[in-house]
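Structural characterization, general
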Amino acid sequence: MAWPLVNLTVSFFFLIFLLFQSCLSISLPLLLPPPHPRARPAMVLPLFPSPKNTSTTFPDSSHRLLRSDSNSSHPYARMRLYDNLLSRGYYSTRLWIGTPPQRFALIVDTGSTVTYVPCAMCEKCGTHQDPKFQPELSGTYQPVKCNLDCNCDKDRDQCIYERQYAEMSVTSGILAEDVISFGNLSELSPQRIVFGCETEETGELYRQHADGIIGLGRGDLSIVDQLVEKGVISDSFSLCYGGMDVGGGAMVLGGISAPSDMIFSYSDPVRSPYYNIDLKEMHVAGKKLDLDPSVFDRKFGTVLDSGTTFAYFPEAVFEAFKDTIMKELNSLKQISGAVPSYNDTCFSGISSDVSQLSKTFPTIELVFENQQKLLLTPENYLFRHSKVQGAYCLGIFQNGMDPTTLLGGIIVRNTLVTYDRKDSKIGFWKTNCSELWERLHVTSAPSPSPSPFPSPSPSPSPSSSSGKENSTFEMPPISAPKESPIYALIGEIEIGEISLDLALNVNHSYLKPRLVMLLEFMAKELGVNGSQVHLLNFTSEGNISFIKWSIVPSGSATYISNTTAINIISRLAEHRVMLPDDFGNYQLVQWEVKPPSKQTWWQRQYLVVLLGIMMFIIAGLIASGIWLWSRRRQAQIPYQPVDGAAREHELQPLQS
């Protein structure tokens, strides 16, 4: 009879286990497959081959703060660079257009002149990072009327533009003028600039993640030329691309003080519409390539272009370079590239540590006419193999039948490049470009809440008053929007929940069965546990899906630290979370931090009270069980007096 009591006791212990399991969060790591390798994007550059894509680090030789040019009274616009060559094949920056401002991510391209963004009336534009520009919502928008200095539409009403790129991508649209802002980290106030309001795009332009291009080349439509013409900046700008493992960087429109050890090359402004340098020699591992110096001076010469990913050499230069470098690397195992259609030269069996690449790969020197040398480390001509760990490929290719020497972004990784157009020279200074940005805005503060994104509420109709229908005067520039949303939290507060509203340009029916996968991916990218992520709401409008979700403290913590919260919010707001292509592009619509909910005495102590009650019940049941068991034993063995009569036993008859 003891078994029922044992079963009852076990049942109560199991009940306690279930109680604790429901009250405590159990943290389990998320095991997700890595994102599918991205195909190398083709970049756009007029008259030049389309590149593919790429990504290293070297010691930073100086930590001096850069300053605006002491010889100039002009301000400058300093802007952050995003993305990297490996994931996108380009670097982009942020611009705001219109009043109120609409934000865009634009590829930084010194080989293009026109700055353009997709416009709302564009029916042949792809899906990009941000919503299309809506002219009717800007109180300062004005189309450029047809005149003698531009190409006009068939009705001879508006100026139009069209650009065709080497890989046959095309962008076309109308020219318009509006207020363009560079961010609150910029000394330069917002300016009225002519830009392209795109109505059609094809090829790689249609498929790219960025919204458009910011044209930094030479020409009347160049944003640099327009700002210089207005007299608001000096005739110079600088770019600094991040390294193989970091990305990011900085851009400055206007003059800055050149570091004392910056090396320069003459750049002939009338040689071509592109930025060229006076290259005379190349050395590989200290050995001069046996080449006629004129080989670097054919057609457009040696062109430096930020919109191209890799470097492209004329046939003679490429063959000499490849032969020399292959002799230096003859001990390495050569393997095929990640994409069979590309004839990549790749090597395996190498340390994945970028800082160790110089022990295996030689350095390269570019020698200019003045005998100054630009040293290229392995990160300036290699990119990681996307499918083989510890394998790298050459980021230098033959430029087909074109005799131009084209140096893309890979060549100037972790190099501050100053395009001094006033003095017709280009300067190079090796530095850590990711840290350079921090030094450029060391005294700046982050910005407020995230920029707008299409929300479930209907957009204003074109007929609503925008302030421009009856406006014949130029509105004063608005205050520049913040460079990035404000993530600063007032004081050191305890955060019990981060609420996040995310918009994705993915169909509702497609995304719904993949929500769990999306949130698991987000958790992994943000460095939190899957049990901390909770879906709150899921709605849609057209092809835009809206997800409201939250992040709560882990099971072992009572709150989320301010540092962790700021990191999570900033990574989402600045698009540093890279989603698989299946989920399209995203925008952080809004966010909110909430304090831990106040608990009553009962909420804080209920586990202790429940445990005490359960232990009291179990102790009582055990005591009662023992008492019942002893009583039953006494009932089974009755008391008999010594002199009592013995009970007669019934005898069974014997069978005969």
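For the structure, check the block above.
Conventions used here
Residues numbered from 1 in each chain as written. Predicted model: local features only at pLDDT ≥ 70, side-chain atom pairs only at ≥ 80, totals over all residues. Heavy atoms only, no water. Helix = DSSP H or I, 4+ residues; strand = E, 2+ residues; numbered from the N terminus. Buried < 20%, exposed > 50% of the residue type's maximum accessible area, 1.4 Å probe, protein only. Areas by Shrake-Rupley, 256 points an atom, 1.4 Å probe, with all protein chains shown as cover. Pairing = 2+ DSSP bridges. Axes fitted to C-alpha atoms, helices over the stretch in contact; angles between N-to-C directions. Expected span 1.5 Å × (residues − 1). Arc of directions from axis to C-beta. Contact = heavy atoms within 4.5 Å. Disulfide = S-S within 2.5 Å. Core = buried A, V, L, I, M, F, W, Y, C linked by side-chain atoms within 4.5 Å. Domains from an automatic or database assignment. 1 Å grid on protein atoms, 1.4 Å probe; cavity = no way out; pocket = protein on both sides within 12 Å on 5 of 7 lines; lining within 4 Å. Points joined across faces, edges and corners; volume = space filled by probe spheres on them. Nonpolar A, V, L, I, M, F, W, Y, C, P; charged D, E, K, R; others polar. Phe/Tyr/Trp six-rings, centres within 6.5 Å; stacked < 30°, edge-to-face > 60°. Salt bridge = Lys/Arg side-chain N within 4 Å of Asp/Glu carboxyl O. Polar contact = N/O pair within 3.5 Å; in protein donor to acceptor, adjacent residues only side chain to side chain.

**Overview of the overall build of the protein chain**
- Looking only at helices and strands, one finds 9 helices and 32 strands in the protein chain.
- Taking all 656 residues of the protein chain together, the buried fraction comes to 51%.
- Summing over all exposed atoms, the protein chain offers an accessible surface of approximately 32,100 Å²; the carbon and sulfur share of this is 55%.

**Here's the deal with the sheet that holds strand β20 (residues 346-348)**
- Spatially, 4 strands are ordered β19-β20-β24-β23 in an open sheet, and the strand pairing comes out antiparallel. Every other strand in the sheet has two partners, leaving β19 (333-335) and β23 (382-384) as the edge strands with one partner each. Each strand axis lies, on average, 35 degrees off the axis of its neighbour in the sheet, ignoring direction.

**Let's talk about helix α7 (residues 515-526)**
- Between the first and last C-alpha of α7 there are 16 Å, a value that for 12 residues agrees with the 16 Å anticipated at 1.5 Å per step.
- For α7, the set of buried residues is L515, L518, L519, F521, M522, A523 and L526.
- Downstream of α7 by one or two residues, G527 has phi in the positive range, about 75 degrees.

**A short note on helix α4 (residues 315-328)**
- Taking 1.5 Å of rise per residue, the 14 residues of α4 would be expected to cover 20 Å, and the 20 Å separating its terminal C-alpha atoms lies within 8% of that figure.
- When we look at burial in α4, the residues that qualify are V317, F318, A320, F321, T324 and I325. Down the axis, α4 shows its buried residues gathered within 165 degrees of arc, on one side only.
- Packing partners of the buried residues in α4 comprise β15 (279-284), β18 (311-313), β21 (364-368), β24 (392-394) and β25 (396-398).

**Considerations on the state of the cysteines**
- Using the criterion set out here, one finds 6 disulfides in the structure.
- A sulfur-sulfur separation of 1.7 Å characterises the disulfide bridge that pairs C119 with C197. Where C119 bonds to C197 through sulfur, the torsion about that S-S bond is close to -115 degrees, and the disulfide is left-handed. Linking C119 in the loop between β4 (116-118) and β5 (142-143) with C197 in strand β9 (residues 191-201), this pair joins segments that are 78 residues apart in sequence. Here C119 and C197 have matching classes, each one buried.
- Shown here for the protein chain is a disulfide pattern of 1-8, 2-3, 4-6, 5-7, 9-12, 10-11, where each number marks a bonded cysteine counted in sequence order.

**Things to note about the pairing of strand β22 (residues 373-376)**
- Of the two faces of β22, only the one carrying L374 and L376 is buried; K373 and L375 on the other face are not.
- With 4 bridges joining them, β21 and β22 adopt antiparallel strand pairing. Within β22, the residue paired with E365 across the bridge is L375.
- A loop of 4 residues connects β21 with β22, the two strands running antiparallel in sequence, and Q371 in this loop sits at a positive phi of about 70 degrees.

**Overview of the nonpolar core**
- Counting residues in each nonpolar core, the largest one holds 90 residues, and the members touching the most others are F182, L216, L253, F321, F361 and F428.
- Per-domain counts for this core show at least three residues from each of domain 1 (77-233) and domain 2 (251-438).
- I495, A523, I568 and L572 belong to the second largest nonpolar core, which has 33 residues in total.

**Overview of the sheet that holds strand β1 (residues 77-81)**
- Pairing within the open sheet is antiparallel, and its 6 strands lie in the order β1-β12-β11-β27-β28-β13. A strand with exactly one partner marks an edge of an open sheet, and here the two such strands are β1 and β13 (263-266). Averaged over all neighbouring strand pairs, the angle between strand axes comes to 15 degrees, with direction disregarded.
- Bridge count between strand β27 (residues 415-420) and strand β28 (residues 425-430): 6 bridges; the pairing is antiparallel. Looking at β28, one finds that T415 is bridged to K430.

**Focus: empty space enclosed by the protein**
- In this model, the largest cavity occupies a volume close to 60 Å³.
- For the lining of the largest cavity, the secondary-structure elements that each account for two or more residues are β11 (236-241) and β27.
- A per-class count over the lining of the largest cavity returns 8 nonpolar, 4 polar and 1 charged.

**Re the packing of aromatic side chains**
- Scanning the entire structure with this criterion turns up 16 aromatic pairs.
- Between F237 and Y275, the ring centres sit 5.7 Å apart and the planes meet at 70 degrees, which makes this aromatic pair edge-to-face. One end of the pair, F237, is in strand β11; the other, Y275, is in the loop between β13 and β14 (276-277), and 38 residues separate them in sequence. Exposure class is identical for F237 and Y275. Each is buried.
- Taken together, a centroid distance of 6.5 Å and an interplanar angle of 85 degrees make the contact between F321 and Y381 edge-to-face. Taken together, the residues span a long stretch of sequence, with F321 in helix α4 and Y381 in the loop between β22 and β23 at a distance of 60 residues.

**Thoughts on the pattern of salt bridges**
- Counting across every chain of the model gives 13 salt bridges.
- Across the pair K299 and D402 runs a salt bridge whose closest N-O atoms are separated by 3.4 Å. With K299 in the loop between β16 (287-288) and β17 (302-304) and D402 in the loop between β25 and β26 (405-407), the pair connects residues that are 103 residues apart, well separated along the chain.
- Accessibility expressed as a relative area gives 47% for K299, which makes it partly exposed.
- We classify D402 as buried; its relative accessible area is 14%.

**Details of the side chain of D501**
- For D501, the location among the structural elements is in strand β29 (residues 497-504).
- Looking at D501, its side chain comes within polar contact range of the side chain of Q590, at 2.7 Å.
- If we skip the residues at most four places from it in the chain, D501 touches I547, K548, Q587, L588, V589 and Q590.

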